[in-house]
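Each chain, written out:
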Amino acid sequence: MEWLLTYHVGGIVIGICTFLIIGFFHPVVVKAEYYWGTRCWWIFLLLGILALAGSVLVDNLLIASLLGVFSFSSFWTIKELFEQRERVLKGWFPMNPQRKHEYEVPPTDTPE
């Protein structure tokens, strides 16, 4: 880790890792919604809380920064899960046929 300070590349490493963490979460949102729907949101909340606690407890600035990025990416994933459901309803992403009943919208009471 000393080479990060020696060559002043800590910011670049954090930037690259942030890009990779955010990129990792995109397919995770799609797959999680496909297989489990929105009911798995609490897993991302728990991951976010644990990573946030880790970021506070770790002394290393690089590791603490990456844990913070992971934490808030986990929190953002909760929002994205519910938005992914809407994207599936619009037909932009495939619907899991085994969970098709979860996407049925009840009829509205409109007079004809």
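Residues numbered from 1 in each chain as written. Predicted model: local features only at pLDDT ≥ 70, side-chain atom pairs only at ≥ 80, totals over all residues. Heavy atoms only, no water.

A.B. asks: I tried to follow the overall build of the protein on my own but got confused; where do I start?
C.D. replies: Assigned secondary structure in the protein consists of four helices and zero strands. Start at the N end of the protein and walk to the C end: the helices and strands fall as α-α-α-α. In the protein, which comprises 112 residues, the proportion classed as buried is 29%. Considering only contacts in the protein between residues 6 or more positions apart, those separated by 24 or more positions represent 65%. Carbon and sulfur atoms provide 71% of the accessible area of the protein, an area that totals close to 8,000 Å². (Helix = DSSP H or I, 4+ residues; strand = E, 2+ residues; numbered from the N terminus. Buried < 20%, exposed > 50% of the residue type's maximum accessible area, 1.4 Å probe, protein only. Contact = heavy atoms within 4.5 Å. Areas by Shrake-Rupley, 256 points an atom, 1.4 Å probe, with all protein chains shown as cover.)

A.B. asks: Before we go on, may I ask you to explain the packing of aromatic side chains in this structure?
C.D. replies: A full pass over the atoms with the stated rule returns five aromatic pairs. Geometrically, the ring pair formed by Phe 24 and Phe 25 is edge-to-face, given 5.4 Å between the ring centres and 75 degrees between the ring planes. Among the residues examined, Phe 24 registers a relative accessible area of 48% and is labelled partly exposed. Both rings, one in Phe 72 and one in Phe 75, keep their centres 5.4 Å apart while their planes meet at 85 degrees; by these two values the pair is edge-to-face. Here Phe 72 and its partner Phe 75 are both found in helix H4 (residues 61–89), three residues apart, which amounts to about one turn of the helix. Pairwise contacts between aromatic rings join Phe 24, Phe 25 and Phe 70 into one cluster. (Phe/Tyr/Trp six-rings, centres within 6.5 Å; stacked < 30°, edge-to-face > 60°.)

A.B. asks: I'm lost on the environment of Leu 67 in this one. Help?
C.D. replies: Within the secondary structure, Leu 67 sits in helix H4. Since its relative accessible area comes to 24%, Leu 67 is described here as partly exposed. Measuring from C-alpha to C-alpha, the distance between Leu 67 and Ser 55 comes to 5.1 Å, with 12 residues separating the pair along the chain. Residues in contact with Leu 67, not counting those within four places in the same chain, are Ala 51, Gly 54, Ser 55 and Val 58.

A.B. asks: Is there a simple way to explain the packing of helix H2 (residues 10–36) against H4 in this structure?
C.D. replies: In a packed pair of helices, the relevant descriptors are the angle between the two axes and the axis-to-axis distance. With their axes 8 Å apart at the nearest point, H2 and H4 run at an angle of 30 degrees to one another. Judged by the angle between their axes, H2 and H4 are roughly parallel. For H2 against H4, the interelement crossing comes out right-handed. Among the residues forming the contact of H2 with H4, the class breakdown is 15 nonpolar, six polar and three charged. (Axes fitted to C-alpha atoms, helices over the stretch in contact; angles between N-to-C directions. Parallel < 35°, antiparallel > 145°, perpendicular 65-115°, else oblique. Left-handed = near helix turned anticlockwise from the far one by under 90°. Nonpolar A, V, L, I, M, F, W, Y, C, P; charged D, E, K, R; others polar.)

A.B. asks: Which parts of the structure should I look at to understand the confidence of the model for the protein?
C.D. replies: Interpretation of the predicted coordinates at a detailed level should be avoided for regions scoring low in pLDDT. Considering every residue of the protein, the mean pLDDT works out to 89; 88% of them sit at 70 or more. No element of the protein has a lower mean pLDDT than helix H1 (residues 2–7), which averages 68, and none a higher one than helix H3 (residues 41–57), which averages 97. (pLDDT = per-residue confidence, 0-100.)

A.B. asks: So what exactly am I meant to see when it comes to the nonpolar core here?
C.D. replies: Burial of nonpolar side chains together is a common tendency in soluble globular proteins. The biggest cluster of nonpolar side chains holds 10 residues, and these are Ile 21, Phe 25, Ala 32, Cys 40, Phe 44, Leu 62, Leu 66, Val 69, Ile 78 and Leu 81. When residues of this core are traced back to their parent elements, those giving at least two are H2 and H4. The greatest single-element share of this core, amounting to five residues, is contributed by H4. Those residues in contact with Ile 78 that lie beyond four places of it in its chain are Trp 41, Phe 44 and Leu 45. (Core = buried A, V, L, I, M, F, W, Y, C linked by side-chain atoms within 4.5 Å.)

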